[in-house]
Amino acid sequence: MRPKCSLYVDVGYLLSAAAVRVTGTSLRNGIQVDYESLIDALVQQSEALSELPMLRVHWYDSARDGVPDGSQQFIGELPNVKLRLGRFGVDGQQKGVDLRIGLDLVMHARNAVADVFVLVSGDDDLTEAVEEAQVHGVQVILLAVPNGQDRPHGISRHLIRAADGLKIIFPDAIDTAVTKMETPSAVPSPMAVSLGGHPRAKAPTTGSTAQEDSRAPRRPSALAVSGALDVGTGTTNHEDPPDLAEQIGSVVTNVLTTFRSSATPEALAELTAGKPSIPRDIDKALLTDLSEQLGEVDLSEAVRHQLRARFWEQYDQT
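This one's a predicted model, so the numbers in the text were calculated from it and none came from an experiment.

Definitions and limits used
Residues numbered from 1 in each chain as written. Predicted model: local features only at pLDDT ≥ 70, side-chain atom pairs only at ≥ 80, totals over all residues. Heavy atoms only, no water. Helix = DSSP H or I, 4+ residues; strand = E, 2+ residues; numbered from the N terminus. Buried < 20%, exposed > 50% of the residue type's maximum accessible area, 1.4 Å probe, protein only. Contact = heavy atoms within 4.5 Å. Areas by Shrake-Rupley, 256 points an atom, 1.4 Å probe, with all protein chains shown as cover. Core = buried A, V, L, I, M, F, W, Y, C linked by side-chain atoms within 4.5 Å. Salt bridge = Lys/Arg side-chain N within 4 Å of Asp/Glu carboxyl O.

> Got a minute to help me understand the overall build of the protein in this structure?
Helix and strand content of the protein: 11 helices and 13 strands. Counting over 318 residues, the protein shows a buried share of 53%. In the protein, the proportion of contacts linking residues at least 24 apart, taken out of those at least 6 apart, comes to 74%. In the form shown here, the protein has an accessible surface area of approximately 14,100 Å², with 51% of it arising from carbon and sulfur atoms.

> Help me understand the nonpolar core, please; the structure alone is not making it clear to me.
When a protein is soluble and globular, its nonpolar side chains tend to lie buried together. Leu7, Val9, Leu14, Trp59, Phe117, Leu119 and Ile169 are the most contacted members of the largest nonpolar core, which has 59 residues in total. At 8 residues, helix α1 (residues 11–23) tops the list of elements feeding residues into this core. Setting aside its immediate chain neighbours within four residues, Phe117 contacts Ser6, Tyr8, Leu105, His108, Ala109, Ala133, Val138, Gln139, Val140 and Ile141. Val255, Ala263, Leu287 and Leu299 belong to the second largest nonpolar core, which has 24 residues in total.

> What is the right way to read the pattern of salt bridges from this model?
Two side chains carrying opposite charge are able to pair once their charged atoms lie near each other. A complete count under the given rule lists 6 salt bridges for this structure. Within the structure, one salt-bridge network assembled from shared partners comprises Arg21, Asp150 and Asp175.

> Just checking my understanding: could you explain unusual backbone geometry for this structure?
As a rule of thumb, non-glycine residues mostly have phi less than zero, and peptide bonds are mostly trans rather than cis. A cis amide bond links Lys275 to the next residue, Pro276, at an omega of 10°. Summarising the element assignment, Pro276 is placed in the loop between α9 (265–273) and α10 (280–294). Non-glycine residue Glu51 carries a positive phi angle of around 60°. By relative accessible area, which is 70% here, Glu51 ends up exposed. Phi at Asn80 takes a positive value of approximately 60°, unusual for a residue other than glycine. By the element assignment, Asn80 lies in the loop between α3 (70–76) and β4 (81–88).

Quick look at the structure:
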């Protein structure tokens, strides 16, 4: 069989990290995505890295009750793209996505379906699957989303050590395909048309969809500090930092600004009507961004309460 490469994309990681680069927060309904352009760029870069033709793109995302939304249906119908869907738990976290990626990596390596695997993810839970795939003679290269300083965003140290290499997605590919949602009144349909006349799927701009509810904070992301990746200690600090209130305020400001720039009047009214409950996509972005900023895996209940209270304080003041 002719040697080939295969691409595995953790969509929750890809879009949340891209949202941070574009908007400063992981709130994914603040971005719109040209999926066809983004997938094409990932394929081209993977083929260049491996010096092999692409066998298939494996696209891992979550959907309510496992039913794909409009954008996911479009992606699943693209040539050589295999849509793999997990589901959401009652707490809004992805269920089954990491397991599907890990199982596919190992199964595909055992069956020698490709010689080089390119993995777009930063999840520490995939470390063992990467190592098992390598046992079967497969080379695994990590492809990370670049942060604002064009350094890898959100990559586990364990995963970096296990992989055969780490590269960043070309920044231009992210900046071209992922843009900030600026006009709430002009809500694009899931299937827009690009200048070239081909279908173009964009991230939904309102409501709580599969594209928004990607994952709750689980581990600190990699930050560029003095030219090195810093993923923190992986432990929770029991003493609050002296500037905690300032950091909470910064996170809330970024999330609120992004939400308001993309939300329709109906979404704003729904948020107000549901007070004091915070929609899970917004709550997840608040927790994820603060967890990353503090370098903590888990936030204490006291910090979570303070964060949510601050959200409504700032919301009412503006």
